[in-house]
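Chain and residue survey
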Amino acid sequence: MSNPETQTHDSEDRSFDYDVLDLFAGPGGLDVAAHFLGLTSVGIELDGNACETRYRAGLPTIHADVTVMRKERYDEVPHTRVLAGGPPCQSFSIAGKGAGREALDTVTELIDELIEDPEGQLVDKKLEDLDSRTGLVLEPLRYLLKAITSGRGPYQYIVLEQVPAVYAVWDAYARVLAGGAIKRPRLDSSGQVQNEDVKYQVDYEVLRTEEYGVPQTRKRAVLIARLIDGEQHPEEPLKLPGPTHDRFVTLRQKSVGDDATLFPVESKEPETSSKKPWRSMHTALFAAKKELDASHDSISRDSKFYVVSNYGSGGDPKKRGIRHWDQPSFTVTGKISRNRPMDANGKPLSRFTLHEAGVLQSFPGDFPWSGRDQAQQVGNAVPPVFGMHVLGAALGLAPSFPDGLNLEWGGSVDALRSADLRLEGCPRERVCPTGHPYDQPAEDSSTTSRPRTGASAKSPSK
């Protein structure tokens, strides 16, 4: 299966416009996952650069602010059976300033207030005192409440992911989703309007992406929910996907001092015979060589290499982690070009290219990254292979993976198709929130994704 060149608006159920609505859709990690599960999807994304990647990839997209769409343009939001979202994580992330982490208690309290007042005017007032991005973690719940109050009815499935710090928020989500606190009006047998409980089966946990075949270590707090419709109770309880691959383990060097560092060790034997070894950087890049060559963004990495992390353990720049070619990558971020590949003799090698970074996120090697800030797009995305596991678990679908877990996309869709998606996503009569990046000079991946080698090279701006 390649890119959705001919994807239609229809979902499998003709009463819906699409199967999946992806809030804060980014460049399309969850949409790529949906595509390989045979589902249709549409995303809402504020960043014009990520939108341009999505248009060229053939992914239907509304270029708009998620909050504005809910408040002012909800009639334009497609009707779907699945609500998915990964709200921006900067204010919650370890790498961020932590305003969101400090406000977690406040955010969880606001969840209860939203249940009592779905319009949330008082909630909006309280959010003014927080980082402007922190309140975005409430948007999936507000979309659910809006779907109910608008008469569409609740979403059948919900899939959410964020950095581990947001686990406490998902815990509060689970309480209201499973506890019947949400109500919807229904006519009883006598024609009287009664409030009926809206209940979901819910499962949530912090998962590790390398345990699902992604060639990098990355932790994500994930929540999935399935609507309990009336008296019908699914025979099988809803559960997050079980690990398919072994966990990667690192140990801190026992010695202490300026030379102390993190050394990777071989992963432990799988706990069960059904688990596979984690996927290594070399395995993933080698499997994607054909697609990387097609993207003209390939570097020969046949020889053994190791990678020195840009980040120091515990904030200490002298304690930088090291990963070998036959181990998973460090967490892919927008600063992956600062990680330093070295040969066995310590000689600097070419940094990871943009498309190689995408492969380490489990994107197809020929995925058409576009617009500006492409490295940040890659780092912010949901790993598609991980997304296939999670989305599949929510909907009861068994993902079918190609040999080697190497996804193929086929590059950019036809120019007319991407132009049509661009106009649908941001009609000319509207002023897009962040403009059209295709009106700007495009980034040249040969300069942005093949950064420096050697210690004398300058650091990137991002």
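About the thresholds
Residues numbered from 1 in each chain as written. Predicted model: local features only at pLDDT ≥ 70, side-chain atom pairs only at ≥ 80, totals over all residues. Heavy atoms only, no water. Phe/Tyr/Trp six-rings, centres within 6.5 Å; stacked < 30°, edge-to-face > 60°. Helix = DSSP H or I, 4+ residues; strand = E, 2+ residues; numbered from the N terminus. Buried < 20%, exposed > 50% of the residue type's maximum accessible area, 1.4 Å probe, protein only. Polar contact = N/O pair within 3.5 Å; in protein donor to acceptor, adjacent residues only side chain to side chain. Contact = heavy atoms within 4.5 Å. Pairing = 2+ DSSP bridges. Axes fitted to C-alpha atoms, helices over the stretch in contact; angles between N-to-C directions. Core = buried A, V, L, I, M, F, W, Y, C linked by side-chain atoms within 4.5 Å. Parallel < 35°, antiparallel > 145°, perpendicular 65-115°, else oblique. Left-handed = near helix turned anticlockwise from the far one by under 90°. Nonpolar A, V, L, I, M, F, W, Y, C, P; charged D, E, K, R; others polar. Salt bridge = Lys/Arg side-chain N within 4 Å of Asp/Glu carboxyl O.

Remarks on the packing of aromatic side chains
In this structure the tally under the stated criterion is 10 aromatic pairs. Residues Tyr212 and Phe386 carry aromatic rings whose centres are separated by 5.6 Å and whose planes lie at 65° to one another, so their mutual orientation is edge-to-face. In this pair, Tyr212 is assigned in the loop between strand E7 (193-208) and strand E8 (219-228) and Phe386 in helix H13 (residues 384-395), connecting sequence segments 174 residues apart. Take Phe386: its relative accessible area is 2%, and that puts it in the buried class. Through pairs of rings, three or more aromatic residues link up here, namely Phe36, Phe363, Phe367, Trp369 and Trp409.

Notes on the environment of Glu210
For Glu210, the location among the structural elements is in the loop between E7 and E8. Residues Glu210 and Pro328, spaced 118 residues apart in sequence, show a C-alpha to C-alpha distance of 7.2 Å.

Quick word on the side chain of His389
Its location among the elements puts His389 in helix H13. For His389, a relative accessible area of 11% gives the class buried. At 3.3 Å, the side chain of His389 forms a polar contact with the backbone oxygen of Tyr212. In this structure His389 touches Tyr212, Pro241, Thr244, Pro399 and Phe401, once residues within four positions along its chain are discounted.

Let's talk about unusual backbone geometry
You will see that His296, though not glycine, has its phi angle at about 55°, which is positive. Positionally, His296 belongs in the loop between helix H10 (289-294) and strand E11 (305-312). Unlike most non-glycine residues, Ser362 shows phi in positive territory, near 80°. Mapped onto the fold, Ser362 is located in the loop between helix H11 (354-360) and helix H12 (374-380). Among the residues examined, Ser362 registers a relative accessible area of 3% and is labelled buried.

Structural notes on the sheet that holds strand E6 (residues 182-187)
Across the sheet, which stays open at both edges, the eight strands sit in the order E3-E2-E1-E4-E5-E8-E7-E6 with mixed pairing between neighbours. Every interior strand has two partners, whereas the edge strands, strand E3 (61-63) and E6, have only one. Pairs of neighbouring strands in the sheet enclose a mean axial angle of 20°, with direction left out of account. Pairing of strand E2 (residues 41-45) with E3 involves three bridges; the strand directions are parallel. Residue pairing across strands places Ile44 opposite Ile62, the latter belonging to E3. Where helix H7 (residues 139-149) meets the sheet, its contacts fall on strand E1 (18-23), E2, strand E4 (80-85), strand E5 (157-162), E6 and E7, and the angle it forms with E6 comes to roughly 10°. Sitting on the sheet, helix H8 (residues 167-178) is in contact with E5, E6, E7 and E8, with an inclination near 150° to E7.

Observations regarding the side chain of Glu291
Within the fold, Glu291 resides in helix H10. Take Glu291: its relative accessible area is 3%, and that puts it in the buried class. Side chain to side chain, Glu291 and Asn406 meet in a polar contact 3.0 Å long. Setting aside residues no more than four positions away along its own chain, Glu291 makes contact with Gly365, Asp366, Asn406, Leu407 and Glu408.

Considerations on helix H2 (residues 48-57)
Extensive coverage of H2 is indicated by the burial of nine of its 10 residues. Within H2, the full set of buried residues consists of Gly48, Asn49, Ala50, Cys51, Glu52, Thr53, Arg54, Tyr55 and Ala57. Among the residues trailing H2, Gly58 stands out with phi positive, at a value near 85°.

With respect to the pairing of E1
Buried residues dominate E1, accounting for six of its six residues. Sheet topology note: the E1/E4 ladder contains five bridges and is parallel. Residue Tyr18 lies in a different strand from E4, and its bridge partner there is Thr80. Pairing analysis gives four bridges linking E1 to E2, with the strands arranged parallel. By the bridge assignment, Leu21 is partnered in E2 with Val42.

Here's the deal with the nonpolar core
In this structure, Ile224, Phe352, Phe367 and Leu391 are the most contacted members of the largest nonpolar core, which totals 51 residues. Where this core is concerned, the elements lending two or more residues are helix H1 (29-36), E4, E5, E8, helix H9 (281-287), E11, H11 and H13. Of the residues forming this core, the biggest block, eight residues, is contributed by H13. Ranked by size, the runner-up nonpolar core spans 50 residues in total, among them Phe24, Ile44, Ala174 and Tyr204.

Examining the packing of H1 against H13
In the contact formed by H1 and H13, the axes pass within 8 Å of each other and the chain directions differ by 60°. Here H1 is positioned oblique relative to H13, judged by the angle of their axes. Crossing of H1 over H13 shows right-handed handedness. Across the interface between the two elements, Gly29, Leu30, Val32, Ala33, Ala34 and Phe36 from H1 touch Pro384, Gly387, Met388 and Leu391 from H13. A breakdown of the residues in the contact of H1 with H13 according to their chemical character gives eight nonpolar, two polar and no charged.

Things to note about the pattern of salt bridges
Counting across every chain of the model gives 19 salt bridges. For the salt bridge of Asp124 with Lys71, the shortest nitrogen-to-oxygen distance reads 3.4 Å. Of this pair, Asp124 sits in helix H6 (residues 121-127) while Lys71 sits in helix H3 (residues 66-72), and the two are 53 residues apart along the sequence. Judged by relative accessible area, Lys71 falls into the partly exposed class, the value being 46%. Glu113 is the partner of Lys126 in a salt bridge, and the nearest nitrogen-oxygen pair spans 2.6 Å. A residue pair is termed long-range when its members are at least 10 positions apart, and Lys126 in helix H6 and Glu113 in helix H5 (residues 104-116) qualify at 13 residues.

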